[in-house]
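# Reading the structure
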Amino acid sequence: MTSPSHKALVPFVSVDHMMRLINHIGLAPMMLGICDRIEADFHRWPLFDKTPRVASHSDVGVIELMPTSDGDVYGFKYVNGHPGNTKDGLQTVTAFGLLSDVANGYPVLFSEMTILTALRTAATSALAARVLAPKGATVMAMIGNGAQSEFQSIAMQAIVGITEVRLYDVDPAATAKCARNLQASGLKVVSCTSAEEAILGAHIITTCTADKQYATILTDNMVGAGVHLNAIGGDCPGKTELAPAILHRADIFVEYPEQTRIEGEIQQLDADHPVTEFWEVLTGTAKGRTDAKQITLFDSVGFAIEDFSALCYVRDAIKGTDFFTPLDMLADPDDPRDLFGMVARAK
Ligand code: NAD
């Protein structure tokens, strides 16, 4: 990692920069790049500092900090989850994050992460599905057609090879929005009026709804043999999407068990219910899908290493571009011990 510049200016990637970066690289190639980065970092999983995220809960939502470090680079994300926000015209999930140099603690990147979270979540879902979904999976049901849904669909197309997405949301306006946005994607898009209709013929079922309760988006009878479940929306204590009976029939893959047991679908199970850490499937130390009839479940909650990987991708991608603003966010007096003098001279 390069040392900070003399003036300790920190590259800041705004929402506008992020949108320009994505449109410059292309959404699918960027999610592929982030997916590769996450896969590479999952291969060196034991090296990272890991902790369940630090959550501050309220009746209406949660605010969380997600830190990690690989020993050279430290990163964290600030993220919220407020399912009631959209009725006030606000996002359910917003985020920003930072990377810094472990050698001196100076930040080296500060970035918006509301959009980047959608990309990294979709890239992680697709990475898991590429490994766990039945061979030749081409049809995905997408239940919950909010902010994450198009990113999920396009990542599954680019990384897993799906050709058809079947949409359902309790709010038909969300489904119409998602269908419109996916029109030019090359996917066959089928808008459905119930979750039952959406899952017809689906090899992958993604649940990506937002509701702070033990919701039942899928009941046991809706999940047939051989399906891969990608459960995104159950990511907080008291916020789940799947009927417990499904969990008892599925082989469950998680990011970081210590966090998922608190936040994921498996909060509904006994604390010793067996789960497989997904990184171990990637490294070959644990088994993934072993037969065509098996139900696989990626109980996704979102883990700090995925954000770290995405931020490292952005740090490298903005080099040589103007997709950032140098930000004066660190006081850096010429004499490091004369912080007071610097303030006094600025009068
Ligand atoms: P959003 O509010 O934009 O969209 C959620 C959609 O779910 C809305 O359109 C809503 O109408 C729909 N919905 C609610 N209840 C439903 C039901 N019973 N059946 C069908 N649809 C229903 O939210 P978003 O940004 O798309 O996020 C979706 C969920 O994913 C949230 O719960 C969020 O916390 C979670 N999330 C998880 C990760 C992760 O890494 N696992 C990352 C980002 C977001």
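Throughout what follows, the structure given in this document is the object of discussion. What you are looking at is a predicted structure, and each value in this text was computed from that prediction instead of being measured.

### Some details on the overall build of the chain
- The helix and strand tally for the chain stands at 11 helices and 17 strands.
- Here the chain has a C-alpha radius of gyration of 21 Å; the compact-globule value for 347 residues is 20 Å, and the two agree.
- Reported as C-alpha extents along the three principal axes, the dimensions of the chain are approximately 70 × 45 × 40 Å.
- Each of the 347 residues in the chain was classed as buried or not, and the buried ones make up 53%.
- Sequence separation of 24 or more characterises 72% of the internal contacts of the chain that already satisfy a separation of 6 or more.
- Accessible area for the chain stands at about 15200 Å²; split by element, carbon and sulfur atoms hold 55% of it.
- Averaging the locations of the 27 positively and 42 negatively charged side chains of the chain gives two centres separated by 3 Å.

### Focus: the pairing of strand S7 (residues 139-143)
- Along S7, five of the five residues are buried, which leaves the element largely enclosed by surrounding structure.
- Where S7 and strand S8 (residues 164-168) come together, five bridges link them in parallel fashion. By the bridge assignment, methionine 142 is partnered in S8 with leucine 167.
- In the classification by handedness, the crossover that spans S7, the intervening helix H4 (residues 149-160) and the parallel S8 is right-handed.
- Where S7 and strand S10 (residues 204-207) come together, four bridges link them in parallel fashion. Following the sheet pairing, methionine 142 is matched in S10 by threonine 206.

### Observations concerning the nonpolar core
- In this structure, Met18, Met30, Ile34, Leu116, Phe278 and Val314 are the most contacted members of the largest nonpolar core, which totals 68 residues.
- Ranked by residues supplied to this core, first place goes to helix H3 (residues 114-132) with 11 residues.
- Counting residues in each nonpolar core, the second largest holds 28 residues, with Ala141, Ile205, Ile266 and Leu297 among its members.

### Quick word on the pattern of salt bridges
- Scanning the entire structure with this criterion turns up 19 salt bridges.
- Between arginine 37 and aspartate 316 there is a salt bridge, with its nearest N and O atoms 2.9 Å apart. With arginine 37 in helix H2 (residues 27-43) and aspartate 316 in helix H10 (residues 304-317), this pair connects stretches of sequence that are 279 residues apart.
- On the accessibility criterion, arginine 37 (27% relative accessible area) is partly exposed.
- On the basis of relative accessible area, aspartate 316 is assigned to the partly exposed category, the value being 29%.
- When the shortest N-O distance is used, the salt bridge between arginine 120 and glutamate 306 registers 3.8 Å. With arginine 120 in helix H3 and glutamate 306 in helix H10, this pair connects stretches of sequence that are 186 residues apart.
- For glutamate 306, a relative accessible area of 1% translates into the label buried.
- Linked through salt bridges whose partners overlap, the residues forming this network are Arg37, Arg315, Asp316 and Lys319.

Procedures and definitions
- Sequence positions are assigned chain by chain, starting from 1 and proceeding in written order.
- Owing to the predicted nature of the model, reporting of local features is limited to residues with pLDDT of at least 70; listing and counting of side-chain atom pairs is limited to 80 or more, with chain, interface and lining totals taken over all residues.
- Each side-chain value is derived from all of the structure's non-hydrogen atoms; neither hydrogens nor water enter the calculation.
- A run of DSSP states H or I qualifies as a helix once it reaches four residues; a run of E qualifies as a strand once it reaches two. Both are numbered from the N-terminal end.
- The globule rule used here is 2.2 Å times the number of residues to the 0.38 power, and the radius of gyration it is set against is calculated over C-alpha atoms.
- Categorising residues by exposure relies on relative accessible area from a 1.4 Å probe, with only protein chains included: less than 20% of the type maximum marks a residue as buried, more than 50% marks it as exposed, and the intermediate range marks it as partly exposed.
- Only heavy atoms enter the contact rule, under which two residues are in contact if any of them lie within 4.5 Å.
- Under the convention used here, a 1.4 Å probe and the Shrake-Rupley method define accessible areas, while residue burial counts only the protein chains that appear.
- Charge counting follows a simple rule: Lys and Arg are positive, Asp and Glu are negative, and His as well as the terminal groups are ignored.
- To locate a charge, take atom NZ for lysine, CZ for arginine, CG for aspartate or CD for glutamate.
- The pairing criterion for strands is at least two bridges between them, as found by DSSP.
- Here a crossover is taken to be right-handed if, once the strands point away from the viewer, the path from the first strand over the helix to the second is traced clockwise.
- Note on terminology: a nonpolar core comprises buried Ala, Val, Leu, Ile, Met, Phe, Trp, Tyr and Cys residues joined through side-chain atoms within 4.5 Å.
- We define a salt bridge as a contact between a side-chain nitrogen of Lys or Arg and a carboxyl oxygen of Asp or Glu at a distance within 4 Å.

By themselves these figures say nothing about function.
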